[in-house]
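Architecture and fold: a report
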Amino acid sequence: MKSKTRKSKNPNHPNQLLLELGAEGGSITLMRMLNQDVTNYQVSTGETYLEDEWYSSEEVFNTLDEAVQYLCNRYPVTALHPLTADPEIILPIAQAIKQKRLSGKKSYKASEESLNQNQIEQLNKIEQEEWNALSAMLQELFSAENDLKGGKRKYKNQIIDSILWRIQEQAYKMKIVYDFGWSHWDEGRWLASFPDFDFSLLSPVELSKLITAIARNDRFCDGAWNDSFASGMMQKVIAALITKHFNHLES
């Protein structure tokens with residue numbers, strides 16, 4: 001199940017919910033506490049056990065970064081279900097998950113940085129005609145989506161299925177899909193939980209990783225590629241990558 005971002009209706013409310021993570025028997029919340037000119041951030045947990053006993057804990061922090069670091073270092077965030085997430089919290093959580101994943105792994109971090117640099121160079125080598133072909137396929141998809149009805153069910157339509165297959169094939173041909181440890185890329189799993197996220201905030205390499213992770217996962221989980229389009233996520237990811245390419249050319 002995919003989670004949706006939700007903005008607080010009243011940003012001046014003293015208790016602004018930024019994040020709620022669900023787990024078996026309880027939940028974890030991150031709140032922004034506004035008290036006149038003072039802003040604090042509170043991480044709270046609550047768990048229900050036998051006989052309806054309620055256990056809870058609260059930790060208060062001066063900054064959002066402190067609260068996010070505490071939350072991600074203390075709890076298995078990617079193993080929990082995000083029930084509510086304010087748009088502003090998604091990227092900071094992803095960055096904290098990455099820091100935790102790479103913490104104390106100098107050789108692994110160096111290897112990842114090398115792979116990232118190699119992929120940057122690969123993306124820059126892609127011929128303009130290949131980008132144009134990918135962009136045309138995406139526009140073809142948008143047209144087909146507008147012509148068909150049925151919500152997510154239309155992504156099982158033969159016409160759309162054919163377009164999605166060609167987009168994946170093109171991503172492999174352009175080497176947007178590449179070899180990296182996608183199954184351990186925890187921050188990517190977190191980001192993929194939010195189809196409404198502004199994916200233009202990610203770097204070209206991160207966008208390439210998202211495309212890779214979904215394409216690779218499709219080999220083990222049949223339908224993962226199509227489902228990523230049905231949720232509205234993959235169109236945004238690919239569009240963001242294409243836009244960044246053209247912006248790079250203009251700069």
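Residues numbered from 1 in each chain as written. Predicted model: local features only at pLDDT ≥ 70, side-chain atom pairs only at ≥ 80, totals over all residues. Heavy atoms only, no water.

Looking now at the side chain of Glu-130. Summarising the element assignment, Glu-130 is placed in helix α4 (residues 128-147). In contact with Glu-130, other than residues within four places in its own chain, are Gln-170, Lys-173 and Met-174. (Helix = DSSP H or I, 4+ residues; strand = E, 2+ residues; numbered from the N terminus. Contact = heavy atoms within 4.5 Å.)

Working definition: two side chains of opposite charge can pair if their charged atoms are close together. Counted under the stated rule, the structure contains 8 salt bridges. Note that Lys-209 and Glu-112 form a salt bridge whose closest N and O atoms lie 3.9 Å from each other. With Lys-209 in helix α7 (residues 204-220) and Glu-112 in helix α3 (residues 106-125), the pair connects residues that are 97 residues apart, well separated along the chain. A salt bridge links Lys-236 to Asp-196; the shortest N-O distance between them is 3.7 Å. Separated by 40 residues along the polypeptide, Lys-236 in helix α9 (residues 233-250) and Asp-196 in the loop between α6 (186-191) and α7 bring together distant segments of the chain. Judged by relative accessible area, which is 36%, Lys-236 ranks as partly exposed. Among the residues examined, Asp-196 registers a relative accessible area of 45% and is labelled partly exposed. By sharing partners, the salt bridges in this structure join Arg-101, Glu-112, Glu-187 and Lys-209 into a single network. (Salt bridge = Lys/Arg side-chain N within 4 Å of Asp/Glu carboxyl O. Buried < 20%, exposed > 50% of the residue type's maximum accessible area, 1.4 Å probe, protein only.)

With that settled, consider the confidence of the model for the protein chain. Residue-level pLDDT values for the protein chain average 88, and 90% of them are 70 or greater. This stretch, residues 1-11, has a pLDDT under 50; its non-local contacts, to residues over four places away or in other chains, come to 28 contacts. (pLDDT = per-residue confidence, 0-100.)

The subject of this paragraph is the nonpolar core. Counting 69 residues, the largest nonpolar core has Leu-30, Ile-93, Ile-167, Ile-176, Trp-190 and Ile-211 as the members making the most contacts within it. Setting aside its immediate chain neighbours within four residues, Ile-176 contacts Gln-119, Leu-123, Ile-126, Trp-131, Leu-134, Ala-171, Ser-208, Ile-211, Thr-212 and Leu-241. (Core = buried A, V, L, I, M, F, W, Y, C linked by side-chain atoms within 4.5 Å.)

Before going further, it helps to examine the packing of helix α1 (residues 64-74) against helix α2 (residues 87-102). Contact geometry for α1 and α2: axes closest at 9 Å, N-to-C directions at 55 degrees. Between α1 and α2, the interaxial angle falls into the category oblique. Of the two elements, α1 crosses α2, and the hand of that crossing is right-handed. Of α2, the residues touching α1 (which contributes Leu-64, Val-68, Gln-69, Leu-71, Cys-72 and Asn-73) are Glu-88, Ile-89, Pro-92, Ile-93, Ala-96, Ile-97, Gln-99 and Lys-100. Looking at the contact of α1 with α2 residue by residue, the classes come out as 9 nonpolar, 3 polar and 2 charged. (Axes fitted to C-alpha atoms, helices over the stretch in contact; angles between N-to-C directions. Parallel < 35°, antiparallel > 145°, perpendicular 65-115°, else oblique. Left-handed = near helix turned anticlockwise from the far one by under 90°. Nonpolar A, V, L, I, M, F, W, Y, C, P; charged D, E, K, R; others polar.)

With 16 residues, helix α5 (residues 158-173) should reach 22 Å at 1.5 Å per residue; the first-to-last C-alpha distance of 22 Å fits that figure. If you check which residues of α5 are buried, you get Ile-160, Ile-163, Leu-164, Ile-167, Gln-168, Gln-170 and Ala-171. Taken end-on, α5 shows its buried residues confined to a sector of 160 degrees, consistent with a single buried face. Opposite its buried face, α5 presents the exposed residues Gln-158, Trp-165 and Lys-173, each directed more than 90 degrees away. Those residues of α5 hidden inside the fold are in contact with α4, α7, α8 (224-230) and α9. (Expected span 1.5 Å × (residues − 1). Arc of directions from axis to C-beta.)

Phi at Gln-36 takes a positive value of approximately 55 degrees, unusual for a residue other than glycine. Here Gln-36 lies in the loop between β2 (26-35) and β3 (38-48). Of note, the phi angle at Lys-175 is positive, near 65 degrees, even though the residue is not glycine. Turning to its location among the elements, Lys-175 is positioned in the loop between α5 and α6. Residue class for Lys-175 comes out partly exposed when judged on its relative accessible area of 48%.

Here we come to the side chain of Arg-101. One can find Arg-101 in helix α2. Taking the relative accessible area as the measure of exposure, Arg-101 reaches 7% and is therefore buried. Of note is the side chain of Arg-101, whose polar atom sits 2.8 Å from the side chain of Glu-112. Apart from the residues lying within four places of it in its own chain, the contact partners of Arg-101 are Tyr-108, Glu-112, His-184, Trp-185, Asp-186 and Glu-187. (Polar contact = N/O pair within 3.5 Å; in protein donor to acceptor, adjacent residues only side chain to side chain.)

Relative to the elements of secondary structure, Asp-86 occurs in the loop between β5 (81-85) and α2. According to the relative accessible area criterion, Asp-86 is buried, its value standing at 7%. In this structure the C-alpha to C-alpha distance between Asp-86 and Cys-72, which are 14 residues apart in sequence, comes to 16 Å.

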